[in-house]
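# Secondary and tertiary structure notes
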Amino acid sequence: CNFFLHRFDIYRKVPKDLTQPTYTGAFISILCCVFILFLFLSELTGFIATEIVNELYVDDPDKDSGGKIEVSLNITLPNLHCDLVGLDIQDEMGRHEVGHIENSMKIPLNQGGGCRFEGEFNINKVPGNFHISTHSASAQPQNPDMTHFIHKLAFGDKLQMHQVKGAFNALGGADRLASNPLASHDYILKIVPTVYEDLSGKQKFSYQYTVANKEYVAYSHTGRIVPAIWFRYDLSPITVKYTERRQPFYRFITTICAIVGGTFTVAGIIDSCIFTASEAWKKIQIGKMS
């Protein structure tokens, strides 16, 4: 029975007294092991790391939001008193809110001559606008100064920026401090729904946006119109989805086997060629001497 099983051994053993070690073989073996170790560590790093795959589709990804989008705004107006600063929200569903104050904070700057507005509020998923103005003030100033600096304007859940490259805070750092104090500013935003799904299947719903802007002094038949900082938005029907993925374990094992087997095979061929050439050269030298 043992003899019968031995016939199925495809890894036949060669007696040591029939093999011949060489310095060239030892050198190639060392290089082979180092090369295998390098490729193994490279593949292990790639297996541990995650890759992010993106896709596009037409849908509303966050159906549980009740048709709302959370907005985070942080803006500094260095030359406008906090009593004059207000947030107004309008959209095509008929919403018209002047002086929104919920979840907002106004921080006096420059001994009360300036103001930093920080607020979080919801907008409907329809075209509309929100704007910083003096419309909610009890008395309108003669010459309101709308020069400003935008620290942050973001929509939806916060994503780690090193994970996904995108325009989630495209207006962050916008500097309009040197603009005309009496000018209005229009920021035209195109909002793109974005979904991020991690390895556990948990999803975060955020929004990227592109922006175009213009600055102007507006007039009507009654005179100059009170300036404001407008953020006019519209939503794209296209959703961008980012999904975290990791290389399957079976593929990792397959790659490691291919690396080890392939490297040893190629190294064996190289060693065999060098050994054969060396033996042939020795025979030629012996033939010349004889």
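Remember, it's a predicted structure, so these values are computed and weren't measured experimentally.

Definitions and limits used
- Residues numbered from 1 in each chain as written.
- Predicted model: local features only at pLDDT ≥ 70, side-chain atom pairs only at ≥ 80, totals over all residues.
- Heavy atoms only, no water.
- Salt bridge = Lys/Arg side-chain N within 4 Å of Asp/Glu carboxyl O.
- Helix = DSSP H or I, 4+ residues; strand = E, 2+ residues; numbered from the N terminus.
- Buried < 20%, exposed > 50% of the residue type's maximum accessible area, 1.4 Å probe, protein only.
- UniProt positions renumbered as here; feature names shortened; annotations may be inferred.
- Core = buried A, V, L, I, M, F, W, Y, C linked by side-chain atoms within 4.5 Å.
- Contact = heavy atoms within 4.5 Å.
- Disulfide = S-S within 2.5 Å.
- Patch = residues over 30% accessible without salt bridge, like charges linked within 9 Å, V, L, I, M, F, W, Y side chains within 5 Å.
- Areas by Shrake-Rupley, 256 points an atom, 1.4 Å probe, with all protein chains shown as cover.
- Phe/Tyr/Trp six-rings, centres within 6.5 Å; stacked < 30°, edge-to-face > 60°.

Moving on, we get to the pattern of salt bridges. Inspection of every chain in the model, using the stated rule, returns six salt bridges. With a closest N to O distance of 3.1 Å, Arg232 and Asp186 form a salt bridge. One end of the pair, Arg232, is in strand 14 (residues 229-235); the other, Asp186, is in strand 10 (residues 184-197), and 46 residues separate them in sequence. Across the pair Asp234 and Lys190 runs a salt bridge, and its minimum N-O distance is 3.5 Å. Linking Asp234 in strand 14 with Lys190 in strand 10, this pair joins segments that are 44 residues apart in sequence.

With that settled, consider unusual backbone geometry. Despite not being glycine, Asn103 has its phi angle at roughly 55 degrees, a positive value. If you trace the backbone, Asn103 turns up in the loop between strand 4 (96-97) and strand 5 (104-109). Given a relative accessible area of 58%, Asn103 falls into the exposed group.

Turning our attention to the UniProt feature "transmembrane region" (unreviewed entry) in the chain. Within the UniProt annotation, "transmembrane region" (unreviewed entry) is assigned to residues 22-41 and 249-270. For the annotated span residues 22-41, helix accounts for 95% and strand for 0% of the residues, and the straight-line distance between the end C-alpha atoms is 29 Å.

On to the nonpolar core. Phe130, Leu153, Phe155 and Phe231 are the most contacted members of the largest nonpolar core, which totals 33 residues. Elements supplying a minimum of two residues to this core: strand 2 (68-77), strand 3 (86-91), strand 6 (114-124), strand 7 (128-133), strand 8 (149-156), strand 10, strand 11 (203-216) and strand 14. At five residues, strand 2 tops the list of elements feeding residues into this core. Beyond its immediate chain neighbours, meaning those up to four positions away, Leu153 contacts Val71, Ser72, Leu73, Phe130, Phe168, Asn169, Leu171, Leu189, Tyr209 and Phe231.

A separate point is the state of the cysteines. Here a disulfide denotes one covalent bond, and it connects the sulfur atoms of two cysteines. This structure, assessed with the given rule, holds one disulfide. In this model Cys32 remains outside any disulfide bridge; the closest cysteine sulfur is found in Cys33, 5.6 Å from its own. Exposure remark for Cys32: the relative accessible area of 5% places this residue in the buried category. Cys257 carries a free sulfur, and the closest cysteine sulfur to it, the one in Cys32, is 15 Å from it.

Side chains of Leu37, Phe40 and Leu41 sit close together on the surface and give an oily, nonpolar patch of about 270 Å² of accessible area. By secondary structure assignment, the location of Leu41 is in helix 2 (residues 23-48). Among the residues examined, Leu41 registers a relative accessible area of 45% and is labelled partly exposed.

Following the criterion strictly, the structure yields seven aromatic pairs and no others. Measuring from ring centre to ring centre gives 5.2 Å for Phe130 and Phe231, while their planes differ by 20 degrees; the resulting arrangement is stacked. Taken together, the positions of Phe130 in strand 7 and Phe231 in strand 14 put the pair 101 residues apart, joining distant regions of the chain. For the pair Phe130 and Phe231, one class covers both residues: buried. For the pair Phe130 and Tyr233, a centre-to-centre distance of 6.0 Å together with 35 degrees between the ring planes defines the contact as tilted. Placement of Phe130 in strand 7 and of Tyr233 in strand 14 is noted, with a sequence separation of 103 residues between them. For the pair Phe130 and Tyr233, one class covers both residues: buried. One aromatic cluster is present, built from ring pairs that chain together Phe121, Phe130, Tyr187, Phe231 and Tyr233.

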